[in-house]
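Overview (structure and organization)
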Amino acid sequence: MHIFVGNLPFTTTEEELAMLFHPYGVIAQVRIITHRATGRSRGFGFVEMPDAAEAQAALAGLQGATLGERTLTVNAAHRQEERAGPRREPRRPRGEGPG
């Protein structure tokens, strides 16, 4: 199961995030998402846990937990292709009006 972890302190490392989930079971992968240009954390990441029961325990135990004075958002992640379409329409080039 892929788990989304939001509202992370920007200084959180992948090792620290793994330690947070470790008491709940086996962790296959941990990724903190970073900004492409700066390499700084974007404040969220993903944890993959192969055992569904352990992952559910982590969801229940860590939702609303505090890390570095920030309240975490922890829920099941959905693959991008499973989400609804784009959040907004693409921008039109300048000078092109509506038909």
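To be clear, the structure that these remarks concern was listed above.
Definitions and cut-offs
- Residues numbered from 1 in each chain as written.
- Predicted model: local features only at pLDDT ≥ 70, side-chain atom pairs only at ≥ 80, totals over all residues.
- Heavy atoms only, no water.
- Helix = DSSP H or I, 4+ residues; strand = E, 2+ residues; numbered from the N terminus.
- Contact = heavy atoms within 4.5 Å.
- Areas by Shrake-Rupley, 256 points an atom, 1.4 Å probe, with all protein chains shown as cover.
- Core = buried A, V, L, I, M, F, W, Y, C linked by side-chain atoms within 4.5 Å.
- Buried < 20%, exposed > 50% of the residue type's maximum accessible area, 1.4 Å probe, protein only.
- Pairing = 2+ DSSP bridges.
- Axes fitted to C-alpha atoms, helices over the stretch in contact; angles between N-to-C directions.
- Phe/Tyr/Trp six-rings, centres within 6.5 Å; stacked < 30°, edge-to-face > 60°.
- Lys NZ or Arg CZ within 6 Å of the ring centre and 35° of its normal.
- Polar contact = N/O pair within 3.5 Å; in protein donor to acceptor, adjacent residues only side chain to side chain.

When its secondary structure is counted, the chain shows two helices and six strands. Beginning at the N terminus, the succession of helices and strands in the chain can be written as β-α-β-β-α-β-β-β. Expressed as a percentage of contacts within the chain between residues at least 6 apart in sequence, the contacts between residues at least 24 apart total 60%. When the accessible surface of the chain is totalled, it reaches about 7,300 Å², and 50% of it is carbon and sulfur.

Within the largest apolar cluster, 17 residues are counted, with the highest numbers of intra-cluster contacts made by Ile-3, Val-5, Leu-17, Phe-21, Val-47, Met-49 and Val-74. Mapped onto this core, the elements with two or more residues apiece are strand E1 (2-6), helix H1 (14-21), strand E2 (29-34) and helix H2 (52-62). For Val-47, the contacting residues outside a window of four places in its chain are Met-1, His-2, Ile-3, Val-5, Leu-17, Phe-21, Ile-27, Gln-29 and Val-30.

Quick look at the sheet that holds strand E6 (residues 73-76) now. On the basis of which strands lie adjacent, the open sheet formed by four strands has the order E2-E3-E1-E6 and antiparallel pairing. Edge positions in the sheet fall to E2 and E6, since each of these pairs with one other strand and no more. The average undirected angle you get between the axes of adjacent strands in this sheet is 20°. In terms of strand pairing, E2 meets strand E3 (residues 41-48) through five bridges, oriented antiparallel. By the bridge assignment for E3, Arg-31 is matched with Phe-46. Contacts between H1 and the sheet are confined to E1, E2, E3 and E6, with E2 contributing the most and set at about 135° to the helix. Where H2 meets the sheet, it contacts E1 and E6, and its direction lies at approximately 155° from that of E6.

Our focus in this paragraph is the packing of aromatic side chains. What the rule picks out here adds up to three aromatic pairs. Taking the centre distance of 5.8 Å and the plane angle of 65° together, the rings of Phe-4 and Phe-46 count as edge-to-face. Of this pair, Phe-4 sits in strand E1 while Phe-46 is found in strand E3, placing the two residues 42 residues apart along the sequence. By relative accessible area, which is 22% here, Phe-4 ends up partly exposed. Here the aromatic rings of Phe-44 and Phe-46 are separated by 6.1 Å at their centres, their planes lie at 85°, and the arrangement is edge-to-face. Through pairs of rings, three or more aromatic residues link up here, namely Phe-4, Phe-44 and Phe-46. Between the NZ or CZ atom of Arg-40 and the centre of the ring of Phe-10, over which it lies, the distance is 5.7 Å.

This next bit is on the environment of Ser-41. Residue placement: Ser-41 occurs in strand E3. Given the relative accessible area of 14%, Ser-41 is considered buried. In this structure, the C-alpha to C-alpha distance between Ser-41 and Phe-10, residues 31 residues apart in sequence, is 5.3 Å. If we ignore the near neighbours within four places in the chain, the residues touching Ser-41 are Phe-10, Ile-32, Ile-33 and Thr-34. At a separation of 3.0 Å, a polar atom in the side chain of Ser-41 contacts the main-chain amide nitrogen of Gly-43.

None of the figures reported here should be taken as evidence of function without further support.
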